[in-house]
Amino acid sequence: MKKIVVLSGAGVSAESGIKTFRDSGGLWDGYNVMDVASPEGWTKDRELVLGFYNERRKNAISAKPNEGHKIIAELESQFQVIVITQNVDNLHEKAGSTKVLHLHGELFKSRSTVDPNLIYDIEGWALNIGDKCDKGSQLRPHIVWFGEMVPMMDVAVEETLSADIFIVIGTSLQVYPAAGLLEYVKESNPKFIIDPNMPELLPRSNLFLIEEIGSIGMNKVREILIKEYL
Ligand code: OAD
């Protein structure tokens, strides 16, 4: 079985009603990134940070996977598929993908502020001041903030190095190290980029640009994969 690695970003969830970050009207239009997504922001105003992610959770809790997520999950019947997502929602899992690596953390999990190994599921949408871990410290969102290490990056690089096919969907490729994964794909292997507003890319071989929204783009890519790469 050929191995497909999918790198996804906020755009794959746009058709499910989840806002992207950098499109106009996106999440970073209404917030100062460093206030809500950095360790400094957390130190300054924990309530604001918790409130920001509570809103995200409220919005994501009822969201349903769209055709793009579903096609990615369905590819597992014909390919080995690993999804590396920058998204903190759980729509890839809801669609049925079984191997999902969350580079930037998970919205529906919380983490101890004294022991990073203490990770808990969040039932419902609220994480509040006073919610504590088993060691008695305040819980924080299980999100990788700006200025923090991306713990899953080594695994993501390993998976990418052994990909036969690489698909990028719905990411502006502005945030590193995630955006750098493309560099690890073998030159001779196909790289599909799906985005209605194509990010600027360095020229490279075997690059297929599909300027479409996620559902339509994934449909097109599936057709090509089945015809040419099965
Ligand atoms: P961005 O908001 O930067 O980029 C979203 C991309 O999705 C853009 O290139 C859009 O053109 C595209 N897009 C919009 N609608 C789409 C649709 N219907 N189908 C497909 N694509 C569509 O989001 P990311 O690249 O995911 O990190 O952002 C990366 C990281 O920056 C996030 O994980 C987050 C953010 O700061 C953290 O919070 C740590």
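Small disclaimer: the values here were computed from a predicted structure and weren't measured.

(A) How the structure looks around the site of the ligand. The environment of the ligand is formed by 23 residues, the closest being Phe-21, Arg-22, Thr-171, Ser-172 and Asp-195. Within the contact set of the ligand, an oxygen atom lies 2.5 Å away from a side-chain nitrogen or oxygen of Ser-172. Against a free-state accessible area of 790 Å², the protein chains account for coverage of 93% of the ligand. Across the shell around the ligand, the residue classes break down as 9 nonpolar, 10 polar and 4 charged.

(B) Just the sheet that holds strand β1 (residues 3–8), in detail. Strand order across the open sheet formed by 6 strands is β3-β2-β1-β7-β8-β9, with parallel pairing between neighbours. Across the chains shown, the open sheet's two edge strands, defined by having one partner strand only, are β3 (100–102) and β9 (207–210). The sheet shows a mean angle of 15° between the axes of neighbouring strands, taken without regard to direction. Lying over the sheet, helix α7 (residues 153–161) contacts β1, β2 (80–85), β3 and β7 (165–169), oriented at roughly 140° with respect to β2. Lying on the sheet, helix α8 (residues 214–228) is in contact with β1, β7, β8 (191–194) and β9; it crosses β8 at an angle near 160°.

(C) Quick look at the pairing of β1. Across the 6 residues that make up β1, a large majority, 6, are buried. Along β1, one buried face is formed by Lys-3, Val-5 and Leu-7 and the opposite face, lined by Ile-4, Val-6 and Ser-8, is buried too.

(D) Inspection of α7 at higher detail. Listing the buried residues of α7 in full gives Met-153, Ala-156, Val-157, Glu-159 and Thr-160. When α7 is viewed along its axis, its buried side chains cluster within an angular range of 165° and face the same direction. Set apart from the buried face of α7 by more than 90 degrees, the exposed residues are Asp-154 and Glu-158. Buried residues belonging to α7 abut β1, β2, β3 and β7.

(E) Inspection of the sheet that holds strand β6 (residues 139–143) at higher detail. In spatial order, the strands read β5-β4-β6; together these 3 strands make up an open sheet with antiparallel pairing. Edge positions in the sheet fall to β5 (119–121) and β6, since each of these pairs with one other strand and no more. Averaged over all pairs of adjacent strands, the angle between their axes in this sheet comes to 45°, without regard to strand direction. Sheet contacts for helix α4 (residues 46–61): β4 (105–112) and β6; angle to β4, the most-contacted strand, approximately 140°.

(F) Broad picture of helix α5 (residues 67–74). What α5 keeps buried is the set Gly-68, His-69, Ile-71, Ile-72 and Ala-73. Each element contacted by the buried residues of α5 is listed here: β1, β2, α6 (91–95), β7 and α8.

(G) Broad picture of the environment of Gly-214. Mapped onto the elements, Gly-214 comes out in helix α8. Leaving out residues up to four positions away in the same chain, Gly-214 has contacts with Glu-15, Gly-68, Ile-169 and Ile-194.

(H) Broad picture of the packing of α5 against α8. Axis separation between α5 and α8 bottoms out at 7 Å; the angle between their running directions is 25°. The angle between α5 and α8 falls in the class roughly parallel. Listed contacts from α8 to Glu-67, Gly-68, Ile-71, Ile-72 and Glu-74 of α5 are Gly-214, Ser-215, Met-218, Asn-219 and Arg-222. Across the contact of α5 with α8, the residue classes break down as 3 nonpolar, 4 polar and 3 charged.

(I) Region of interest: the packing of aromatic side chains. Taken as a whole and assessed by the stated rule, the structure comprises 7 aromatic pairs. Relative to Phe-208, the ring of Phe-192 has its centre 5.2 Å away and its plane inclined at 25°; by these criteria the two rings are stacked. On the criterion of sequence distance, the pair formed by Phe-192 in strand β8 and Phe-208 in strand β9 is long-range, its members being 16 residues apart. Three or more aromatic residues link up through ring pairs in this structure, and these residues are Phe-21, Trp-28, Tyr-31, Phe-52 and Tyr-53. The ring of Phe-52 has Arg-56 lying over it, and the distance from NZ or CZ to the ring centre is 4.6 Å. One cation-aromatic arrangement involves Arg-140 over Trp-145; the distance from NZ or CZ to the ring centre is 3.8 Å.

(J) Quick peek at the layout of surface pockets. Of the voids in this model, the second largest pocket is the one considered here, and its volume is about 270 Å³. As for the second largest pocket, its lining consists of 16 residues, of which Arg-111, His-142, Val-144, Pro-151 and Met-152 are closest to the centre. Among the residues forming the lining of the second largest pocket, the class breakdown is 10 nonpolar, 3 polar and 3 charged.

Cut-offs and rules
Residues numbered from 1 in each chain as written. Predicted model: local features only at pLDDT ≥ 70, side-chain atom pairs only at ≥ 80, totals over all residues. Heavy atoms only, no water. Near = heavy atom within 4 Å. Polar contact = N/O pair within 3.5 Å; in protein donor to acceptor, adjacent residues only side chain to side chain. Areas by Shrake-Rupley, 256 points an atom, 1.4 Å probe, with all protein chains shown as cover. Nonpolar A, V, L, I, M, F, W, Y, C, P; charged D, E, K, R; others polar. Pairing = 2+ DSSP bridges. Helix = DSSP H or I, 4+ residues; strand = E, 2+ residues; numbered from the N terminus. Axes fitted to C-alpha atoms, helices over the stretch in contact; angles between N-to-C directions. Contact = heavy atoms within 4.5 Å. Buried < 20%, exposed > 50% of the residue type's maximum accessible area, 1.4 Å probe, protein only. Arc of directions from axis to C-beta. Parallel < 35°, antiparallel > 145°, perpendicular 65-115°, else oblique. Phe/Tyr/Trp six-rings, centres within 6.5 Å; stacked < 30°, edge-to-face > 60°. Lys NZ or Arg CZ within 6 Å of the ring centre and 35° of its normal. 1 Å grid on protein atoms, 1.4 Å probe; cavity = no way out; pocket = protein on both sides within 12 Å on 5 of 7 lines; lining within 4 Å. Points joined across faces, edges and corners; volume = space filled by probe spheres on them.

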